[in-house]
Structures are given as structure tokens and as C-alpha cells.
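# Geometric and topological summary
Single-letter residue listing:
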Amino acid sequence: MSILNVEHLTHGFGDRAIFNDVSFRLLKGEHIGLVGANGEGKSTFMNIVTGKLMPDEGKVEWAKNVRVGYLDQHSTLTKGMTIESVLKSAFAWLFELEENMNQICDRLGEAAPDEMDAMMEELGVIQDTLTMHDFYIIDTKVEEVARALGLLELGLSHDVTDLSGGQRMKVLLAKLLLEKPDILLLDEPTNYLDAEHIAWLKRYLQEYENAFILISHDIPFLNDVVNIIYHMENQRLDRYVGDYDKFQEVYEVKKSQLEAAYRKQQQEISELKDFVARNKARVATRNMAMSRQKKLDKMDVIELAAERPKPEFNFKLGRTPGRYIFETKDLVIGYDEPLSKPLNISMERGHKIALVGANGIGKTTLLKSILGLIPSLGGSVELGENLEIGYFEQEIKGENRNTCIDEIWEEFPSFSQYEVRSALAKCGLTTKHIESLVRVLSGGEQAKVRLCKLINKSTNVLLLDEPTNHLDVDAKDELKRALQEYRGSILLICHEPEFYQDIVKDELNVKAVTFTQDVRSFTSYSFKPQLKTVGPKYGKMLGGIKAVLSSLDGNAAMDELNATEALKLDVNGQEITLFREDLLIET
């Protein structure tokens, strides 16, 4: 049985078409993954099927008496609301029934006998409804879900606007689960969530008996929870049976077949046109030429969709900084209340480190405290010399009324319009996107505009707070490559281990540092030096030098190199001095 039918849907914004005559169906028990590049219209589609947005053309039809729960990636929470009040708002319709019941009870004393029977019957129906939906144990249900998502330890009286991005997402997710809708619509639910609660959500969706539609760029997560893929591309919406990997396999085969058919048809068209051109003027061959022309006119020409521009992220490396990027002395982070005990930590030049830990533990707060964007509650941070810092913020508050062009021009006023457009195009944005207001772009497109500002300035240190949120698969892969090749220092917050594990050499568990130990440095060395310079400089000593290097203790060798900018080696009884520029060091 079809729960949702979408037929002949067409929609666009201005002269930018999003969908063109697409159809969609949701059947009972289907777990659908809605995938596609940034800006293809996934969130727009969700807004249309939930009635938040009216389509230009087409029909959206839900089955009768279906309750739909929608987790929007742009959902906001109002200041003054507590975690408890947000969670209890999931039962707003039950509280309205209770209010209606109380009003009926107030009128019973003045009711005529014939009215009283009808009112008593209505009271019975309301009472049964409230009991059936566990109205009288709401507090218990709220606590149960809050505990499962780690909200109970925060305190249910906590103001929601003081929460971190991940904690706010958990509140919205908990509210949705308490509503117990028949259908779940989830728009990037894993954004901001820590690994523990992504695993919890994965288990929940795997066991979910009803249907859901999920938008996500987290491929391992998609593979684990969906059994149908709908792919959005070039104003089309195509259905594939299976998980994301199966979709990719079938999609590539279909694409190859279409390209082969296109090449074959183009060859045939070329030959037909050539024959017509050579023979239409001659009386003896004119009929044959006309026959070929008719065949050309009736031919259904295969058209290949234009390839979306793929992003290219190449960070500009600034001058070499001092040995230390930063060093803290008894630093206490937090807002009104401290989130940590006094911290004494440092980061050295060239290191790439991931900050990990549960939502709300203080990762973003630590990053902002190091940068001086928020005041610390105690202690100090000393930044190193010659730092050129690039900072990617997790969330940008306020409404941006700039166009993408103006946004880049404000940052780089010396750029020509051609340079601005080229910079944005290299980040995977089309002409339509480049000329749009930033606020009308999708979350992924907005992230690309912010990355455009970052890659076009010289940096030697990158501080990145959840840079993969909203980015599509191609953009994430390209960002990963760029960060692997970046020769500066990186301090990264990310909830996707498969993204950062090939970039960083060290992980700092923020909970361990802020609450259980006082550490001096969270750097460690994977010292695998290789000689950059070969040839006559080392001659026959080369093999012996490499053997000694491979046997060195990494930490001790790096301490010596940082202190003296050189390493002294005993190679077969002869002292050899190697300088930093002679070595390739992996950290």
C-alpha cells in the first residue's frame, strides 16, 4: 500500500529549475535514502511533501490518518524553552485534549440532561485516548528517551539555546521519537551527533517497523539503515533497490551504457548527415537522401546530462610558524560554569590532531577559548609566533543577506569579478549558485562558500569545527585529500572517523583531558624519517644512514631536532649531522 504518492512534480526558484516532472512513492516498511549532490533539492523535496512549500506543478497525496514526523536540518529552538518543555511539546495534542476534557467537566454542572449524556460520551472517548497514548506517564517517557540520548545528565531544566549543536540535535530527535509518528522524515540527523549516539540512532532505525525517508551524506550510516535509494540529479528523481553501495554499482553501469549508446548514436547521426549532404542534390540519389533525412528527423536523440562541477580545494600554505602553535597554562574553559579543570596543554608545529568526545563536553568551547573568541574562566593561552590561522566555524549565526560574490569580495576586496567567480566555481558552485543570495543556498552550498574564503587566504594553522556537516560525498572526498596534502598544522573537530582517521596522526579525547587528567602535551610522534637528499652528498654512507634512522626512538629524535634543528647520528663509528631540510618527517 502506498503511504505517499508524488506525481508530476515540477518546481524551481526563479529561473533555476529544481525538479521537472518527477514522481515518487513511499510504500509501507520502506527505509528510503534520499541522496544527491548539494543543491539538487533534497531539503526542498522534504519541505514540499510536508506542506511547508507549495510546488509549481504536481500533486502530493498522503494516505489518510498518517502522522508524519519531520526532523529539519534548519530547525531552531526558542530562547527560554527548557529541554523538558521541548520534549513535552511532543504531546501538545494530548495536553489540548486534557484542556478540552477539563472544560467539559466545568460545564457538566450546568448541562441539561440530554446534553449531559453527549458530554459524558465525549469525556469517555477523550479519557480512552489519553490512556491509550500513555498521557499519565508522560514524565516517565520523557525521562526514558532523554536518558537514552544523554540529555538527562544535562538537566531537563537546561535552556535549549545554551546547548551545543549536537545537544540541540539530540533534543529535536528526542522530541520526534516521543511523538511516535507513523512516518519519519529525517534531514541529515547525524550532523553534530557524536559517535555513540550515531550508533544508537542507527540501531533505532534498523529496528524501526514503519517507513522513513532519510537524507544523509554519511555513506556507512546509509548503508546500514536503508533498503531503497532515490537519487536526485539534473532535475530527475530515480529509484534504486538496495543500499547506497548497490545504488552506486547500478548507477555506474547505467551511466556507462548511456554514454556508449550516445557515442554510437552520434556516430550514426554523423554518417546520416554526411550521406544527405553528399546525395541530396543528385537526381539518382535524392530519394535515398530524403529517406535518411526522415530517419534523422524521427530519431530520439540521446542527451547526456551536464556534469556537475567537482570541487577543488587547495589550501595556500603561509610562512613557517614558531615551534609551538599554542600553549595553555591552567586554562579553565566554560561559560557561566566551568567545563574543565585547569588545563596545561600544547600543540607543536606540523601536527594534525582530532578533538573527539561526546556532544557538549567542550570541544568547540576549547577551540574558541584557544582562539580568544570567548573569554576563559581562568588561566591563559599563549599563541605561537608567525601564526596565520584559518578558522572554520561550526555554525554561523544570523541571516546573511549577501550574494555569494559579495561574500567573497568582502573578504578579498582586491579580487576582480573574474577571480571571485573562478574561486567559487573551483569550490563546486555553478553560475546559478554564484549569483544567488547565500541564505537561499542549501547547507552544503553555504559550507562551500565558507571553504572558498578559507582556501584563498594563506594559512599555516587550520582550526576546523565540523567541516563535513552538510557536504556531499564528492566535496568530502576532495576536502579529505586537500587536508592530507596540507603541510601546515590542523586541529579538527569531526564526528566521522572515516573522514579524519587518514588525516590526523593523533586524537585528543576532550573528556579525558578536561575531567580526568592534566596533560602537558597531546602530541605524539610517528617518526619515520626518509632522506630527501640523495647522491654524492652521502655516497656509500646512504644505506647506513637509513638503517640508523629507522632504529631511532621517534619522540627522542623529534625533541633533539626541535631543540637544535639537527640530528647527530653515529653511522659505523662516524658522526653524521642531518639537518631538518634533509629529512621527510611524518607526524
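Let me sum up the structure you'll find in this document. (Residues numbered from 1 in each chain as written. Predicted model: local features only at pLDDT ≥ 70, side-chain atom pairs only at ≥ 80, totals over all residues. Heavy atoms only, no water.)

## A short note on the overall build of the protein
What counts, and what does not: A helix here means a DSSP run of H or I that spans at least four residues, while a strand means a run of E at least two residues long, and both kinds are numbered starting from the N terminus. Each residue is assigned to one of three classes by its accessible area relative to the maximum for its type, calculated with a 1.4 Å probe on protein chains only: buried under 20%, partly exposed between the two thresholds, exposed over 50%. Any pair of residues with heavy atoms lying within 4.5 Å of one another is described as a contacting pair.
The number of helices and strands found in the protein is 20 helices and 23 strands. Referenced to the eigenvectors of the C-alpha coordinate spread, the extents of the protein come out at roughly 110 × 95 × 45 Å. Going through the 587 residues of the protein one by one, you find that 47% of them count as buried. In the protein, once contacts between residues fewer than 6 apart in sequence are set aside, the share between residues at least 24 apart is 70%.

## Remarks on the packing of helix α12 (residues 404-411) against helix α15 (residues 443-455)
Our working rule: Helix axes are fitted to C-alpha atoms over the stretch in contact, other axes to C-alpha atoms as well, and angles between N-to-C directions run from 0 to 180 degrees. By the definition adopted for this analysis, an angle is roughly parallel if under 35 degrees, roughly antiparallel if over 145, roughly perpendicular if from 65 to 115, and oblique otherwise. The handedness criterion is simple: a crossing whose near helix is rotated anticlockwise from the far helix by less than a right angle is left-handed, and one whose near helix is rotated clockwise is right-handed. Polar here means any residue outside two lists: the nonpolar Ala, Val, Leu, Ile, Met, Phe, Trp, Tyr, Cys and Pro, and the charged Asp, Glu, Lys and Arg; Gly therefore counts as polar.
Running from N to C, α12 and α15 point in directions that differ by 25°, and their axes come no closer than 10 Å. One element, α12, and the other, α15, form an angle in the roughly parallel class. Two packed elements cross with a definite hand, and for α12 against α15 that hand is right-handed. Contacts between α12 and α15 pair Cys 404, Glu 407, Ile 408 and Glu 411 from the former with Val 449, Cys 452 and Lys 453 from the latter. Of the residues in the contact of α12 with α15, the class split is 4 nonpolar, no polar and 3 charged.

## Description of the pairing of strand β1 (residues 2-13)
Filter applied, for reference: Two strands qualify as a pair provided that DSSP identifies no fewer than 2 bridges between them.
Relative to strand β2 (residues 16-27), β1 runs antiparallel, the two being bridged by 8 bridges. Looking at the pairing, Phe 13 lines up with Arg 16 of β2. As consecutive antiparallel partners, β1 and β2 are separated by 2 residues, and within that stretch Gly 14 has a phi angle of approximately 65°, a positive value. For β1 and strand β4 (residues 57-62), the ladder comprises 5 bridges, and the chain directions are antiparallel. When the bridges of β4 are listed, Val 6 appears paired with Val 60.

## Remarks on the sheet that holds strand β6 (residues 183-187)
Pairing is mixed across the open sheet formed by 6 strands, whose spatial order is β5-β6-β7-β3-β8-β9. In the strand order of this sheet, the two ends are held by β5 (68-71) and β9 (236-241), each with one partner. The average undirected angle you get between the axes of adjacent strands in this sheet is 15°. In this structure, strand β3 (residues 31-36) lies alongside strand β8 (residues 228-233), joined through 5 bridges in parallel fashion. Opposite Gly 36, over in β8, you have Met 232 as the bridge partner. Packed on one face of the sheet, helix α6 (residues 165-179) meets β5 and β6 and runs near 175° to β5.

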